[in-house]
Every structure is written in structure tokens, then in C-alpha cells.
Amino acid sequence: MDGSQPYQVKLDVFQGPLDLLLFLIRKKKLDIHDIPMALITREYLEYLERKEQINLEREAEFLLIAALLIHIKSQMLLPRETVVDEDTDPRQTLVDRLLDHQKIKAACAILRTKENDQMLTWQRGFLPPLEPLDELEFIEVSLFDLAEVFYSIMQKRKQEDVKIIPGKDFSVKAKMDEIVQYLKVHGHLDYMDYFDRQSSLEEALFSFLCLLELIKTRIIIAVQESLFSPIQIWLRQKESSS
Amino acid sequence: MTAVLKSIIESLIFVSQEPIGLEKLKAILDDFPPADVEDAVQELEESYSKNQSGIQLQRSAGGLLFVTEPACDPWVKKMLHMDKKGRLSSAALETLSIIAYHQPVTLAEISALRGVDATHSLKTLLLKRLVKITGRKRSPGKPLIYRTSNKFLSYFGLNSLKDLPTREEIETLLEEEREAG
């Protein structure tokens, strides 16, 4: 096919299969409430066939809708035992999805103009804030994030010979006080750093339990600026001001 | 009296980096009658809408915020050495609108509505803090539930979720498209 190149470009315009369907409906000037299934299915499949390079992930999404189209058509062809009432058109769910998608698309267009308007105004907050004091700006970290990072730190220290236990005693109270004191002085501590500094595996494990206890009693909070950024430990604001 | 209150409120809005809500203003100005605070806010808004200042008072995300006049944009950009602010990709915008209209919503629900997997664009939106996680759904797999954030509102200059494009606005746009196409 000589026209393969332009089609390639054109398909990228479609975010997904629903966009392609809406495009075909508009191109063929069809009534969205009364779609001729055979025609639209043929058009849709033809469009897919023209696409030469296959991106498997995207392809699956397009094929899923193709299967849906064929399924609907088959449902319309099959004779039914029970009398069909007017409301149960097999096309209904598809029509609803298309209408909803069309609305979302329109809402996107309106939001895009609002975004453009907003692009022209600047607020003071746009400049980097002086101090990252606002707790709400951070994402609170879940137990699983904490445990996962802790596990990865422990993996690093696996070489340590744990058969020799130095027999040092740790007190929960003392350790917790130590953490809180550190936070009062330094404001926050870096989660990764903190465990890296621990002298032994045993102490690190112990500190981890103390941190969890402090989080549970809502004295400290584990947050990160954004997803996948380093986890930080802060004193909760109320406690730090009192 | 209101003149004093007006200038206090003006300075509070100026200092605040985020939209400051009426409730917060009332809490700070607890030595003034709440009704007076409301009056002063209204007067302040009126005077800002009247005068041709480079600073505008905007109602955003349920609060008040100072922003620069849109016409001044080229020079502000020059000063900040910014070419332009990054816009959302169409995929991210689509995902964001779906969340806005269908919230609270899970990733699977978003993907189903889009007909396209939304993992990547959702990650972008979380990084931009336009979307937040508000919990887990009580259903198999306990999927995370997403909602739009306050930053979403101020990003689009909306005061509340009620200011999202309405059904009428959407219908009008679709009608126009139909006539054009």
C-alpha cells in the first residue's frame, strides 16, 4: 500500500479506540444513537489493518473494542426466545460509553482553554517557596513504602555477619527520645540516610520499630515531596510548636 | 473600620502563597465580627475589579489569591527566564477530566472509561499533584481511590468543582462541532 505512511501519522491522533470510533461515526455522518453495526465494524477493522507497525499494548485496547463491536452485531443477529423490549438494544452500553467519551472530550476542550487563560497569570506561589513547612504539600507515605525502603537498605547490609550479636541493649524510650530530639534540632531526617548511619543491623532494625511506633502515636510523620522522591521524617506540626 | 479591615485582608492575601479561604480569614481576624470580614472581602474584590492594576484578585480553589494581569505575561516570563509553562498532554488532560467528573474513582475505572490504560498519565498527574489518593475501595484488591486536588482547581482557575464545564456548556460545544463538521 502506497499510503501507509500518512495513516501511521493519523492513527497517533487517536488517543484510544473510542476516539477512532467517534471519528468514524462523524466521518460517515452516522447517528450515534442508531449505529449500523456491520458498517462501523468493517470501517473500524479496515482502519486497524492499515496500521503497519504494531504496538502490542495499544493494539490490545483497539482489538478489545473490535471484539465488542462484533459481539454486539452477533447479539443483534441471533434470534431470541424471549420477546425483546425496546429498551434492551445490545448497542446501548456502547452508545453510552461513546456519549460519555464525547462529553469528556468536550470538557477537555473547555478545560484546555481555561488552562491557556491560566497560563498567562502568575501567582506568588509559583516561585519556589522559602521553606518547605507545609505538611499538606507532602504525600504521606504508607507503611508499605516504609517497609519496602527499609528492606532495600537491609539488603545492602546483608553482608554483615549477624551471627555475632554484640549484645548491646537498646531501650525503646531512649531511642524514641533520640529521634525526637534529632528532629527538634534538625527539623527533619532523611529516611535512607538515617538507616545507613546505624552502626549495626540490630540497631537499624530496632530504630525501624521505634520509627513505626512514633508514626503510630502520631508524633512524627513520614512524607515525601512527590512520588518516588526520598522519604523524609518530620515532627508533626502540633508537637513541634508546643 | 472597613478600611482597616480591608488593608489587613489585603496583606494576608498578599503574604499567602496559596488561595486563602474566607473561613481562614475569619479565624485569623477573630477580633472582628465575621459579617464585617465578609463585607471587607467583597469591597476588596470590587475595588480590584475596578482598578487597572497589574495585580488581580482571583477566586481560586475556594479562596482568594493575587495573580498577575494576563496582559503582563510576556514580561513576567522574561523576568523569570521562562519560555512557557508546560501544558498537560492530551492523555493527561483526558484522564484528569475523567477523574474530575467521575470522582471518587479507581485506576481500573478510569482505564475502562477511556478505553485506554491510564497508568502512565495518572502517574504524571500525581507528580503534578493535580490528583490525590484518598483511600482504598472496599472491593477485591482494595484499589486506590483518586480525587482531584485543590491544586487542580487553581490550575484551571476554578473556584470549586461546581465550576467544571457544565452539561449545558458541553452540549453547546458539541452542537457547534456538529454544525461545523
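Note that the structure is predicted; figures quoted are calculated from it, not measured.

Trainee: Would you mind going over the overall build of chain B with me for this structure?
Mentor: Scanning chain B from N- to C-terminus turns up nine helices and six strands. Buried positions account for 28% of the 181 residues belonging to chain B. In chain B, the proportion of contacts linking residues at least 24 apart, taken out of those at least 6 apart, comes to 49%.

Trainee: Could you clarify how one ought to interpret the overall build of chain A in this entry?
Mentor: Secondary structure assignment for chain A yields ten helices and four strands. Nonlocal contacts in chain A, meaning residues at least 24 apart in sequence, comprise 68% of its contacts between residues at least 6 apart.

Trainee: What should I look at first to understand the sheet that holds strand 6 (residues 144–148) of chain B in this one?
Mentor: Pairing between the strands of a sheet comes from backbone hydrogen bonds, and it takes one of two forms, parallel or antiparallel. Residue and element names in this part refer to chain B. Taken in spatial order, the three strands line up as 4-6-5 in an open sheet, and their pairing is antiparallel. In this open sheet, the two strands that pair with only one neighbour each are strand 4 (105–106) and strand 5 (131–136). Two strands pair when backbone bridges link them, and strand 5 and strand 6 are joined in this way by five bridges, in the antiparallel orientation. Considered in strand 6, the bridge of Lys132 is made with Arg147.

Trainee: Looking at this structure, how should I read the nonpolar core?
Mentor: A general feature of soluble globular proteins is that nonpolar side chains tend to end up buried together. Leu96(B), Ile99(B), Ile110(B) and Val131(B) are the most contacted members of the largest nonpolar core, which totals 30 residues. Within the residue set of this core, elements represented by two or more residues are helix 5 (92–119) of chain A together with helix 5 (90–102), helix 6 (107–114), helix 7 (119–127) and helix 8 (150–155) of chain B. A per-element tally of this core places helix 5 of chain B first, with six residues. Within the second largest apolar cluster, 15 residues are counted, among which are Phe195(A), Phe208(A), Ile220(A) and Ala222(A).

Trainee: Can you help me understand the sheet that holds strand 3 (residues 63–68) of chain B in this one?
Mentor: All names here are of chain B. With respect to topology, three strands assemble into an open sheet ordered 1-3-2, the strand pairing being antiparallel. The open sheet has two free edges, formed respectively by strand 1 (20–21) and strand 2 (55–60), since each of these has just one partner strand. Judged from the two bridges that link them, strand 1 and strand 3 form a sheet pairing that is antiparallel. Bridge assignment links Ile20 to a residue of strand 3, and that residue is Leu64. Sheet strands touched by helix 1 (residues 2–15): strand 1 and strand 3. Its angle to strand 3, the strand with the most contacts, is close to 70°.

Trainee: Any chance you could explain the interface of chain A and chain B here in plain terms?
Mentor: The figure often quoted for interface size is the accessible area lost as the parts come together. Listed by partner, the interface residues are 32 residues for chain A and 35 residues for chain B. Going through the elements one at a time, helix 2 (17–27), helix 4 (56–77) and helix 5 of chain A are the ones with two or more residues in the side of chain A that touches chain B. Residue contributions to the side of chain A that touches chain B peak at 16 residues, all from helix 5 of chain A. Its residues placed into classes, the side of chain A that touches chain B shows 15 nonpolar, eight polar and nine charged.

Trainee: Would you mind showing me how to read helix 9 (residues 167–180) of chain B here?
Mentor: Residues three or four positions apart in an α-helix share a direction because the helix packs 3.6 residues into each turn. For helix 9 of chain B, with 14 residues, the first-to-last C-alpha span of 20 Å sits near the 20 Å given by 1.5 Å per residue. Within helix 9 of chain B, only one of the 14 residues are buried, leaving the element largely exposed.

Trainee: Would you take a moment to explain the packing of helix 2 of chain A against helix 3 (residues 37–50) of chain A for this structure?
Mentor: When two helices pack together, their arrangement is given by the angle between the helix axes and the distance between those axes. All names here are of chain A. Contact geometry for helix 2 and helix 3: axes closest at 10 Å, N-to-C directions at 120°. Overall, the two elements helix 2 and helix 3 adopt an arrangement that is oblique. Viewed along their axes, helix 2 and helix 3 form a crossing whose handedness is right-handed. When helix 2 is examined against helix 3, the residues Leu20, Leu21 and Leu24 are found in contact with a partner set consisting of Ile40, Glu43, Tyr44 and Tyr47.

Trainee: For this particular structure, what's the right way to read the pairing of strand 2 of chain B?
Mentor: Every other side chain in a regular strand lies on the same face of the sheet, so the side chains alternate between the two faces. All names here are of chain B. Here strand 2 runs beside strand 3; their pairing, made up of six bridges, is antiparallel. What sits directly across from Arg59, in strand 3, is Leu64. In textbook terms, the turn of a hairpin is the stretch between consecutive antiparallel strands, and for strand 2 and strand 3 this stretch comprises two residues, one of which, Ala61, has a positive phi near 50°.

Trainee: What's the story with the confidence of the model for chain B in this structure? I'm lost.
Mentor: Predicted coordinates in areas of low pLDDT are best not read in detail. Chain-level statistics for chain B give a pLDDT mean of 89 and a share of 97% at 70 or above. The ipTM, which scores confidence in the relative placement of chains, is 0.83 for this predicted complex, and the corresponding pTM is 0.63.

Trainee: Would you mind showing me how to read unusual backbone geometry here?
Mentor: Glycine aside, negative phi is the norm for most residues, and most peptide bonds take the trans geometry. Pro104(B) follows Gln103(B) through a cis peptide bond whose omega is -5°. On the secondary structure map, Pro104(B) appears in the loop between helix 5 and strand 4. In this structure, Lys29(A) takes a positive phi of about 55° despite not being glycine. Assignment of secondary structure puts Lys29(A) in the loop between helix 2 and helix 3. What makes Lys29(A) exposed here is the crowd of 7 C-beta atoms within 10 Å. In this model, Arg218(A) sits at a positive phi of 60°, which is unusual for a non-glycine residue. Mapped onto the secondary structure, Arg218(A) falls in the loop between helix 9 (201–216) and strand 3 (220–224).

Trainee: Teacher, can you tell me more about the confidence of the model for chain A here?
Mentor: Residue and element names in this part refer to chain A. On average, residues of chain A carry a pLDDT of 75, and 74% of them reach 70 or more. Mean pLDDT values for the elements of chain A range from 41 in helix 1 (residues 4–13) up to 89 in helix 5. Note that residues 1–12 has pLDDT below 50 and, in this model, six contacts with residues that lie over four places away or in other chains. In this model residues 128–136 is a low-confidence stretch, pLDDT under 50, and it forms four contacts with partners more than four residues away in sequence or in other chains.

What counts, and at which threshold
- Residues numbered from 1 in each chain as written.
- Chains lettered and ligands numbered in written order.
- Predicted model: local features only at pLDDT ≥ 70, side-chain atom pairs only at ≥ 80, totals over all residues.
- Helix = DSSP H or I, 4+ residues; strand = E, 2+ residues; numbered from the N terminus.
- Buried ≥ 20, exposed ≤ 12 C-beta atoms within 10 Å, placed from the backbone.
- Contact = placed C-beta atoms within 7 Å.
- Pairing = 2+ DSSP bridges.
- Core = buried A, V, L, I, M, F, W, Y, C linked by C-beta atoms within 7 Å.
- Axes fitted to C-alpha atoms, helices over the stretch in contact; angles between N-to-C directions.
- Nonpolar A, V, L, I, M, F, W, Y, C, P; charged D, E, K, R; others polar.
- Expected span 1.5 Å × (residues − 1).
- Parallel < 35°, antiparallel > 145°, perpendicular 65-115°, else oblique.
- Left-handed = near helix turned anticlockwise from the far one by under 90°.
- pLDDT = per-residue confidence, 0-100.

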